[in-house]
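# Chains, contacts and geometry: an overview
For reference, the chains in residue letters:
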Amino acid sequence: MSTPPLLAQLLDDAAVFPPGSATLPDAVAAHREHRRAWYASLVGPLLVPASQLAELARLLTPGEELGVGVIGDGPLADCFARPPAGVRVVQVEAAMARRGEDPQPALQDFLSRVRERGVPGFAEIPLAWGLLAALDALAAARADGLPVSAKFRTGGLAAELFPTPMELAAVIIACHERELPFKLTAGLHHAIRHTDPETGFTHHGFLNVLAAACAAAEGTEVTEVAGLLATTQPLTLIEAVRARRTQDRPLWVGFGTCSIPEPLADLQKLGLLDGRA
């Protein structure tokens, strides 16, 4: 069965990252199953820390090639090092700064390395001071032909790491104004906005983000985009995206999830993805 274009490769496989924290052997085995499953076109690359690429290569069978997204967990140079045999790097993602730090120095280094290697790069920008200047720099580099995009965090281990609907709406619109693709990471565990009973944190829903990205692409005002991010009404979101299922997803590349089955089940339950249970 085919995945609607609006949902194609929406889910990057972040099984080795918290809160899932699967071992690399388990993550690789599960990713192989995802690639063979009926929903394979819904799944993007396996995300692997740069420090584990050598271990990953040892897990591959003879002649196997695995496309991965490399996540920076050390020096930036490690992300762009030549990968071991069998590992094909399809994208590199790295944080440019902590909150309150100027992202520009690391961003310029990142852009130089993308230019040298030619591999698509996602620069993670804090939703804080220096954000718009960093987006301008990414958009300018992209206009010059560099395969670079933005990445933002939508959750974490502290309440302040969850942007408000208005903050996230403003960022989505800023990216659309610059024709800048973006990815999201952390906190998008379910389709609909919800409050985690254990932590008390209110998580963004990935269906909310999808509806918001579609609305932003059509020139919707920031307050209406924020309203889509804030709603907890499934019907509102289903109606917002159902008619667009045959269209490509506008600029939102997708998000990393440590559990492919959870968002898959949500999409099926909401009637947005047909297939076997």
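Located above this text is the structure these notes cover.
Calculation rules
Residues numbered from 1 in each chain as written. Predicted model: local features only at pLDDT ≥ 70, side-chain atom pairs only at ≥ 80, totals over all residues. Heavy atoms only, no water. Buried < 20%, exposed > 50% of the residue type's maximum accessible area, 1.4 Å probe, protein only. Helix = DSSP H or I, 4+ residues; strand = E, 2+ residues; numbered from the N terminus. Pairing = 2+ DSSP bridges. Right-handed = clockwise from strand over helix to strand, strands pointing away. Polar contact = N/O pair within 3.5 Å; in protein donor to acceptor, adjacent residues only side chain to side chain. Contact = heavy atoms within 4.5 Å. Core = buried A, V, L, I, M, F, W, Y, C linked by side-chain atoms within 4.5 Å. Phe/Tyr/Trp six-rings, centres within 6.5 Å; stacked < 30°, edge-to-face > 60°. Lys NZ or Arg CZ within 6 Å of the ring centre and 35° of its normal.

A few words now on the pairing of strand β3 (residues 66-71). Burial of β3 is extensive: 6 of the 6 residues sit out of reach of the surface. What you see with β3 is no split at all: Leu66, Val68 and Val70 on one side and Gly67, Gly69 and Ile71 on the other are buried throughout. Both strand β2 (residues 43-49) and β3 contribute to a ladder of 4 bridges, which runs parallel. Bridge pairing links Pro49 to Ile71 in β3.

The bulk of non-glycine residues show a negative phi, and the bulk of peptide bonds are trans. For the peptide bond that leads from Pro18 to Pro19, omega is 0°, which places it in the cis range. Relative to the assigned elements, Pro19 resides in the loop between β1 (11-13) and α1 (24-36). A positive phi is found at Glu179, a non-glycine position, where the angle reads about 55°. Note that Glu179 resides in the loop between α6 (165-177) and β7 (182-185). Even without being glycine, Ala186 reaches a positive phi, approximately 75°.

Take the pairing of strand β5 (residues 121-124) next. Side-chain alternation along β5 places Gly121 and Ala123 on one buried face and Phe122 and Glu124 on a second face that is also buried. Direction of pairing for strand β4 (residues 87-95) relative to β5: parallel, over a ladder of 4 bridges. Each bridged residue has a counterpart across the sheet, and for Glu93 the counterpart in β5 is Phe122. Tracing the backbone out of β4, into helix α4 (residues 104-117) and back to the parallel element β5 gives a crossover that is right-handed. Two strands pair when backbone bridges link them, and β5 and strand β6 (residues 148-153) are joined in this way by 4 bridges, in the parallel orientation. Directly across from Glu124, in β6, lies its bridge partner Lys151. Between β5 and its parallel partner β6, the chain crosses via helix α5 (residues 131-143), and the hand of that crossover is right-handed.

One can find Asp12 in strand β1. On the basis of relative accessible area, Asp12 is assigned to the buried category, the value being 5%. Side-chain polar atoms of Asp12 contact the side chain of Lys183, separated by 2.3 Å. For Asp12, the contacting residues outside a window of four places in its chain are Gly44, Pro45, Leu47, Gln91, Glu93, Lys183, Phe255, Gly256, Thr257 and Ile260.

Counting residues in hydrophobic clusters, the biggest one holds 87 residues, and the most contacted among them are Leu56, Phe110, Leu138, Phe152, Leu184, Leu207 and Trp252. Looking at which element gives the most residues to this core, the answer is helix α7 (residues 206-217), with 10 residues. Contact partners of Leu184, with chain neighbours within four places excluded, come to Phe152, Thr154, Leu168, Val209, Trp252, Gly254, Phe255 and Gly256.

Across all of its chains, the model carries 6 aromatic pairs by this definition. Between Trp38 and Tyr39 the ring centres are 5.5 Å apart and the planes differ by 90°, which places this aromatic pair in the edge-to-face class. Ring plane angle 45° and centroid distance 5.3 Å describe the contact between Phe162 and Phe201, whose orientation is recorded as tilted. In this pair, Phe162 is assigned in the loop between β6 and α6 and Phe201 in the loop between β8 (194-195) and β9 (202-203), connecting sequence segments 39 residues apart. The pair formed by Phe162 and Phe201 is uniform in burial state, with each residue classed as buried. Here the aromatic residues Phe206, Trp252 and Phe255 are joined through ring pairs into a cluster of three or more. Here the guanidinium or amino end of Lys183 rests over the ring plane of Phe122, the centre of that ring lying 5.1 Å away.

These values are about where atoms sit, not about what they do.
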